[in-house]
Amino acid sequence: MQQQYEWQFFRAGDVDQVVIRTGQDIAHIGELDKKLWVALACPTRGIEFDSATLDLIDESKDGRIRPPELVAACEWAVARVRDPQVLADGGDVLQLASINDATEDGAPLLAEARRVLELAGEPQAKAITLAQVQERLASLQALRFNGDGVVSAATAEGDEALASLIARIQELYGAVDGHDGVPGIDRIKAEAFWVDVQSLQDWFGKAAELGCHLQPRALALAAAEAVNAVQAKVDDFFARTRLVEFDANAKAPLNPTEEGYAALGVQVLSNTSEALAALPLAAVTGERNLPLVHGVNPAWAAALQTLREQAIQPVFGDALMVLIEEQWDQLKTMLAHCQNWLAECPATPLGALSEAEVQALLGSGLQDALTQLLDHDDAEKEHSLQAMALEKLIRLQRDLLPLLNNFVSFSCFYRREGAAFQAGTLFLDGRSCDLTVEVADAAAHSVLAAMAKTYLAYCECRREGQKKIIVAAFTAGDVDFLFVGRNGVFYDRAGNDWDATIIKLIDNPTSIGQAFSSPYKKFVRMIEEQVAKHAAAKNDVVNASLSDNATKLVTAPKDLAPAPAAASAPRKTDVGTVAAIGVALGSLSAVMVGIFGKFIELGPWIPVAILGIVLAISGPSMLIAWLKLRQRSLGPILDASGWAINGRMNINLGLGRSLSQTAKVPTNAKRSYADPYADKHGLRNTLCVLGLVVVTVLLAWRMHWLDAVLPSKVSAQTAVSAAPVAEDTAK
């Protein structure tokens, strides 16, 4: 039994993740159970990774990397190096000694590397760089024959006929982009063109075999269409003549009657009227002669003239004035053969080529010239393929290990080295957010990302006319001053700064401490909103009243003297109202005193009571926050961006604090706490201190802490013992 490879794992995000750091790890990646992979797919765009490398791995060219493609890339690279450790060492400089020339694939790769170095003027070099290979590919693509299997009109170089032919094939059969970006045609397009030309030549040769002697094809097609246009009416005419020939009494019924013409006379007629077209082509006399020019139905005169010019004259050599039935049958028979021939015309993009044009193409020698161009380009194809393979190997040496640590495991993310999905850092509201992901559509992304149980802010970023959208996770600190429209600055991974504006928020707790104060902040905010709303309503009423009074004063008649104000009688005090107010205030004070007395009677349990009150208010919010923080995950955020995350990838409190860092003054900085613009709260602070002192003294008195220093008459113990005596006296 084959021994399994011994993997190492680390724990992060509540998920066991594989450690990938050696060449052997890369060589055995295909043996790792896919259930242990952190990701099962990732996009090739919208992430911080070299898109050219990702395109080389993406064999399906669907814009996504999946495990089979990544495993295939690892196996491809391992098969072309002597020691897979070079793939873990990284770098874009490949040592020639690292290429395994003992294999069928490695030997031509090493030969191409030496050829590139020789062309670069460094035949004795022991290593080759990615830049040298790319420079070679760029120069190869600029050559007339670059090995991409595509030739363009420019490849013909002076042969105008061949250049015109290539342009014609490109237009008819579609273009193929070469490695240099210039559109042209490949061997498949060229062969398809000549196959279609030969099929047309074979089809032209079948015309006589099928009995169609009308040439060219356009003439036969026009004749057939002319016959088809009138065939039903001509057959109808000759059938009527045969019937009259059989019985002369049928002549009158088979021709239009006077009543029929009378009905036509009341209509507005034209040569296109359906009523006229329904009449016979000509008068039915019993003779099997169809006039084609004179005495014909005006609705069919133009069609019969077309029949004469395009069918009768080419077949009989003369534009007959009268067509007999035998000639009509002969015409239909001959054109039936032409119609069969036309039906066998091959469907090609070439259009209506004449036989002369087809023969000219086949005899021009252009087919051999075009084939020679393609053969010459194919001769350079092997060098081009090996150069591209060399570029792929160097790219995989540089990028394969980082890609595995951003796909199979997320060690780059948990080591805070910058994961591929992290777009940059957002600075906003006195903190930095490192967990930022680029998204295409904020509305579509937020539907799934909301399942992450994370506070998310979608920001529109703008820089020098460019625009993109990111989502930032706020995983620490308060969120009281985060709102749509607030601005910040976003720095991408390249260090470029972007203006960022919040366009959408998904609210979730950031910490248990923030959830603790949340009910009190909401309560204060609600009171402020209600007070502001009430004040605004009162202000509107006062303004409306002042406006009405001002209007009355302006519009009152000037000669109308104001009536003298009657002496107002002194207002009498309503004794009942005063008594009711007194009773209400007394009741409220009694209730407050009772509550305070019961609270004081708790004695040493007072701190427990205070803690219970606080928990009753903040407990539910903290419990909900704790439950959501336990479910806070990175997975839905990435899934909404096109990834396929295999694990939950939790964001715990420690990781959250590292991803969102608040502003902190350096420890070695000197600070001055004197703020000349600080608000003055002297009276408020004095009242608060006095209230706190009174409460503290009452609590100490009730707890007998002051009995040793107070007179016996005012001690708490004396007050307690005097209470039963007072009750007995009352009894």
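These notes cover the structure that comes with them.

Reading guide: rules and limits
- Residues numbered from 1 in each chain as written.
- Predicted model: local features only at pLDDT ≥ 70, side-chain atom pairs only at ≥ 80, totals over all residues.
- Heavy atoms only, no water.
- Helix = DSSP H or I, 4+ residues; strand = E, 2+ residues; numbered from the N terminus.
- Buried < 20%, exposed > 50% of the residue type's maximum accessible area, 1.4 Å probe, protein only.
- Areas by Shrake-Rupley, 256 points an atom, 1.4 Å probe, with all protein chains shown as cover.
- Pairing = 2+ DSSP bridges.
- Axes fitted to C-alpha atoms, helices over the stretch in contact; angles between N-to-C directions.
- Contact = heavy atoms within 4.5 Å.
- Core = buried A, V, L, I, M, F, W, Y, C linked by side-chain atoms within 4.5 Å.
- Expected span 1.5 Å × (residues − 1).
- Arc of directions from axis to C-beta.
- Phe/Tyr/Trp six-rings, centres within 6.5 Å; stacked < 30°, edge-to-face > 60°.
- Patch = residues over 30% accessible without salt bridge, like charges linked within 9 Å, V, L, I, M, F, W, Y side chains within 5 Å.
- Salt bridge = Lys/Arg side-chain N within 4 Å of Asp/Glu carboxyl O.
- Parallel < 35°, antiparallel > 145°, perpendicular 65-115°, else oblique.
- Left-handed = near helix turned anticlockwise from the far one by under 90°.
- Nonpolar A, V, L, I, M, F, W, Y, C, P; charged D, E, K, R; others polar.
- Polar contact = N/O pair within 3.5 Å; in protein donor to acceptor, adjacent residues only side chain to side chain.

1. Concerning the overall build of the protein chain
Consideration 1: Per the secondary structure count, the protein chain includes 26 helices and 19 strands.
Consideration 2: When each of the 731 residues of the protein chain is scored for burial, the buried share is 35%.
Consideration 3: Carbon and sulfur atoms provide 58% of the accessible area of the protein chain, an area that totals close to 41,800 Å².

2. A short note on the sheet that holds strand β17 (residues 497-506)
Pairing between sheet strands relies on hydrogen bonds along the backbone, with the strands arranged either parallel or antiparallel.
Consideration 1: Strand order in the open sheet made by the eight strands is β13-β15-β14-β17-β16-β11-β12-β19, with antiparallel pairing throughout. A single partner strand is all that each edge strand has here, and the edge strands are β13 (436-439) and β19 (660-662). The average undirected angle you get between the axes of adjacent strands in this sheet is 30°.
Consideration 2: The pairing of strand β16 (residues 487-492) with β17 spans five bridges and is antiparallel. Note that in β17 the partner of Gly-488 across the bridge is Ala-500.
Consideration 3: Along the sheet, helix α19 (residues 442-449) contacts β13, β14 (455-463), β15 (466-474) and β17; its crossing angle with β14, the most-contacted strand, is approximately 160°.

3. Some words on the nonpolar core
Consideration 1: Judged by nonpolar contacts, the single largest core of 79 residues is most densely connected at Ile-29, Leu-70, Ile-128, Val-408, Phe-410, Phe-413 and Phe-421.
Consideration 2: The element best represented in this core is helix α17 (residues 381-404), accounting for ten residues.

4. Here we look at helix α7 (residues 160-173)
Consideration 1: A rise of 1.5 Å per residue sets the reference length of α7, with its 14 residues, at 20 Å; its end C-alpha atoms lie 20 Å apart and thus fit the reference within 8%.
Consideration 2: Looking at α7, one finds that the buried residues are Leu-162, Ala-163, Leu-165, Ile-166, Ile-169 and Tyr-173. Along the axis of α7, the buried residues cluster in a sector spanning 160°; they form a single face. Facing away from the buried side of α7, by more than 90 degrees, are the exposed residues Glu-160 and Glu-171.
Consideration 3: Looking one or two residues past α7, Gly-174 carries a phi angle of roughly 95°, positive in sign.

5. Some thoughts on the packing of aromatic side chains
Consideration 1: Here the structure, examined in full by the defined rule, presents twelve aromatic pairs.
Consideration 2: Seen in terms of ring centroids, Phe-193 and Trp-194 are 5.0 Å apart; in terms of plane orientation they differ by 75°. Their pairing is edge-to-face.
Consideration 3: Residue Phe-193 is classed as buried on the basis of its relative accessible area of 0%.
Consideration 4: Accessibility expressed as a relative area gives 7% for Trp-194, which makes it buried.

6. Focus on a nonpolar patch on the surface
Consideration 1: Taken together, the side chains of Phe-523, Val-524, Met-526, Ile-527 and Val-531 make up a nonpolar region of the molecular surface, amounting to roughly 460 Å² of accessible area.
Consideration 2: When you line up the elements, Val-531 lands in helix α20 (residues 512-555).
Consideration 3: Using a relative accessible area of 53% as the deciding quantity, one classes Val-531 as exposed.

7. A look at the pattern of salt bridges
Consideration 1: For the structure on display, the rule yields 27 salt bridges.
Consideration 2: Among the salt bridges present, the one from Asp-62 reaches Arg-66, with a minimum N-O distance of 2.5 Å.
Consideration 3: Across the pair Asp-429 and Arg-431 runs a salt bridge, and its minimum N-O distance is 2.6 Å. Assigned by exposure class, Asp-429 and Arg-431 land together as buried.
Consideration 4: One salt-bridge network, held together by shared partners, links Asp-50, Glu-391, Arg-395, Arg-398 and Asp-399.

8. Some points on the sheet that holds strand β18 (residues 644-645)
Consideration 1: The strand order across the open sheet formed by three strands is β4-β3-β18, and the pairing between neighbours is antiparallel. Of all strands in the sheet, those with a lone pairing partner are β4 (64-65) and β18, marking the two edges.

9. Observations concerning the side chain of Ser-98
Consideration 1: Of note, Ser-98 is situated in the loop between β5 (93-95) and α5 (106-119).
Consideration 2: Given the relative accessible area of 13%, Ser-98 is considered buried.

10. Thoughts on the packing of helix α6 (residues 130-142) against α17
Consideration 1: Put simply, α6 and α17 touch, their axes get as near as 10 Å, and they point 150° apart. By the angle class used here, α6 and α17 are roughly antiparallel. Along this stretch, α6 crosses α17, giving a crossing that reads as left-handed. Across the interface between the two elements, Leu-130, Val-133, Gln-134, Leu-137 and Leu-140 of α6 pack against Ser-384, Ala-387, Met-388, Leu-390, Glu-391, Ile-394, Arg-395 and Arg-398 of α17.
Consideration 2: Split by residue class, the contact of α6 with α17 holds eight nonpolar, two polar and three charged.

11. A few points about the pairing of β15
Consideration 1: Of all nine residues in β15, seven are buried, a share of seventy percent or more.
Consideration 2: Here β13 pairs with β15 via four bridges, running antiparallel. When the sheet's bridge partners are listed, Val-439 is paired in β15 with Ile-469.
Consideration 3: In this structure, β14 lies alongside β15, joined through nine bridges in antiparallel fashion. The partner of Arg-462 across the bridge, within β15, is Lys-467.
Consideration 4: Here β14 hands over to β15 after two residues, with Glu-464 in that stretch at a positive phi of 50°.

12. Let's talk about the side chain of Thr-436
Consideration 1: Along the chain, Thr-436 falls in strand β13.
Consideration 2: Residue classification places Thr-436 among the buried positions, given a relative accessible area of 0%.

13. With respect to the pairing of β17
Consideration 1: Here β14 runs beside β17; their pairing, made up of seven bridges, is antiparallel. Residue pairing across strands places Glu-460 opposite Thr-501, the latter belonging to β17.

14. A look at the environment of Thr-53
Consideration 1: As for its placement among the helices and strands, Thr-53 is situated in helix α2 (residues 51-57).
Consideration 2: Each C-alpha atom, one on Thr-53 and one on Asp-399, is 7.4 Å from the other, the two residues being 346 residues apart in sequence.
Consideration 3: Sequence-distant contacts of Thr-53, defined by excluding residues within four places in its chain, comprise Arg-395, Leu-396, Arg-398 and Asp-399.
Consideration 4: Here the side chain of Thr-53 touches Asp-399 through a polar contact of 2.7 Å, side chain to side chain.

15. Section: the environment of Thr-436
Consideration 1: Taking the C-alpha atoms as reference, Thr-436 lies 6.6 Å from Thr-425; in sequence the two are eleven residues apart.
Consideration 2: Every residue in contact with Thr-436, bar those within four places of it in the chain, is listed here: Phe-421, Gln-422, Ala-423, Gly-424, Thr-425, Leu-426, Ile-470, Val-471, Ala-472 and Phe-490.

16. A closer look at the packing of helix α16 (residues 366-379) against α17
Consideration 1: Two elements in contact, α16 and α17, have axes separated by 4 Å at closest approach and are oriented at 35°. Judged by residue contacts, Asp-377, Asp-378 and Ala-379 of α16 engage Lys-381, Glu-382 and His-383 from α17.
Consideration 2: When the residues that make up the contact of α16 with α17 are grouped by side-chain class, the tally is one nonpolar, one polar and four charged.

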